[in-house]
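Tertiary structure, described
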Amino acid sequence: MGLAKRIIPCLYVKDGETVKGVNFVGLRSAGDPVELGKAYSEQGADELVFLDITASFEGRKTFTSMVQRVALEINIPFTVGGGVHELADVERLLFAGADKVSMNSAALLHPELIEETARRFGSQVCVVAIDAKMEPQTDGEWRCYLKGGRERTEHDLFEWAHEAQERGAGEILFTSMNHDGVKQGYANEALARLADSLSIPVIASGGAGAMEHFRDAFTLGHADAALAASVFHFGQIAIPELKQYLHNEGINVRL
């Protein structure tokens, strides 16, 4: 059956609390990050992702202490991102208790950071997150965005993902900005194209609203893992029930 598919709750953290929005805007509070992280670990999540979405210098220190607090409460792989600009930031987060570090804007602006991270800590530590939007004005091509979706680049999603892999990324975390928070399903066509063209795992992000959407991300989108936020934070989907559903649908998950 191959490797088990992973279910990954994601906590977007701003000023010490978990927040969630739609299409990257309209943020609202979703609870205490440490308590949520502990609860997801106990509920059977396969991994946990924490993203500091503002990551100012002052916030960065606050966030590091929060990473330490979360790491003490969970027993599953822990990916942390936000405000990663140089190798010292990667080291700081790993020292605080992260198992993997996610980089997005910094990887696009300074792709050599991927190589440095992989060389120093191993590819398995380096998750390259890509926020991309399908744009009608480019005939449906996917363009990558910087700075939490605020700044458009000319980078093509598929070319950039391939370059990240070649430079040493261990995983690609692909968020469709078109689908984020809309709860109508993941970008399965783009996901499948990514997954089929890369040799490293692809994590689906953006669009989960029902259990069927997770199933489709795995069956139609060929994703290795599916990440979601609000459906877990606001109690719409419980992880044990989701995993049982996926198992019943013939998808290999850890129960």
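Residues numbered from 1 in each chain as written. Predicted model: local features only at pLDDT ≥ 70, side-chain atom pairs only at ≥ 80, totals over all residues. Heavy atoms only, no water.

**Side note on the nonpolar core**
Within the largest apolar cluster, 72 residues are counted, with the highest numbers of intra-cluster contacts made by Phe 50, Val 128, Phe 174, Phe 214 and Phe 232. It is helix α6 (residues 157-167) that contributes the most residues to this core, five residues altogether. Val 19, Val 127, Ala 129 and Ile 203 belong to the second largest nonpolar core, which has 13 residues in total. (Core = buried A, V, L, I, M, F, W, Y, C linked by side-chain atoms within 4.5 Å. Buried < 20%, exposed > 50% of the residue type's maximum accessible area, 1.4 Å probe, protein only. Helix = DSSP H or I, 4+ residues; strand = E, 2+ residues; numbered from the N terminus.)

**Thoughts on α6**
All buried positions along α6 are accounted for by Leu 157, Phe 158, Trp 160, Ala 161, Ala 164 and Gln 165. Summarising the axial view, the buried residues of α6 lie within an arc of 165°, below the 170-degree limit, and thus occupy one face. The exposed residues of α6 that point more than 90 degrees off its buried face are Glu 159 and Glu 166. Two or three places before Phe 158, at the start of α6, stands the capping residue Asp 156, its side-chain oxygen 3.0 Å from that residue's backbone nitrogen. Two residues or fewer past α6, Gly 168 is found with a positive phi of approximately 120°. (Arc of directions from axis to C-beta. Polar contact = N/O pair within 3.5 Å; in protein donor to acceptor, adjacent residues only side chain to side chain.)

**Some details on helix α1 (residues 33-43)**
Of the residues making up α1, those classed as buried are Pro 33, Val 34, Leu 36, Gly 37, Tyr 40 and Ser 41. Down the axis of α1, the buried set is contained in an arc of 165°. They therefore lie on one face. Exposed and oriented more than 90 degrees from the buried face of α1 are Glu 35 and Glu 42. Near the N-terminus of α1, the side chain that reaches the backbone nitrogen of Val 34, with its oxygen 3.3 Å away, is that of Asp 32. Within two residues after α1, Gly 44 carries a phi angle of roughly 100°, on the positive side.

**Looking at the pattern of salt bridges**
Scanning all chains against the criterion turns up 18 salt bridges. A salt bridge links Glu 154 to Arg 152, with the shortest nitrogen-to-oxygen separation between them at 2.5 Å. Given a relative accessible area of 57%, Glu 154 falls into the exposed group. Residue Arg 152 is classed as partly exposed on the basis of its relative accessible area of 33%. Each of Glu 135, Glu 141, Arg 143, Arg 152, Glu 154 and Asp 156 takes part in a single network of salt bridges with overlapping partners. (Salt bridge = Lys/Arg side-chain N within 4 Å of Asp/Glu carboxyl O.)

**Notes on the packing of aromatic side chains**
Counted under the stated rule, the structure contains six aromatic pairs. Centroid distance Trp 142 to Phe 174: 5.5 Å. Interplanar angle 80°. Geometry classified as edge-to-face. Residue Trp 142 is found in strand β8 (residues 141-146), and its partner Phe 174 is found in strand β10 (residues 171-176); the two are separated by 32 residues along the sequence. Pair check on accessibility: Trp 142 and Phe 174 agree, each one buried. Put simply, the rings of Tyr 40, Tyr 186, Phe 214 and Phe 232 touch in pairs and so form one group of aromatic residues. Taking NZ or CZ as reference, Arg 193 lies 3.7 Å from the ring centre of Phe 158, over its face. (Phe/Tyr/Trp six-rings, centres within 6.5 Å; stacked < 30°, edge-to-face > 60°. Lys NZ or Arg CZ within 6 Å of the ring centre and 35° of its normal.)

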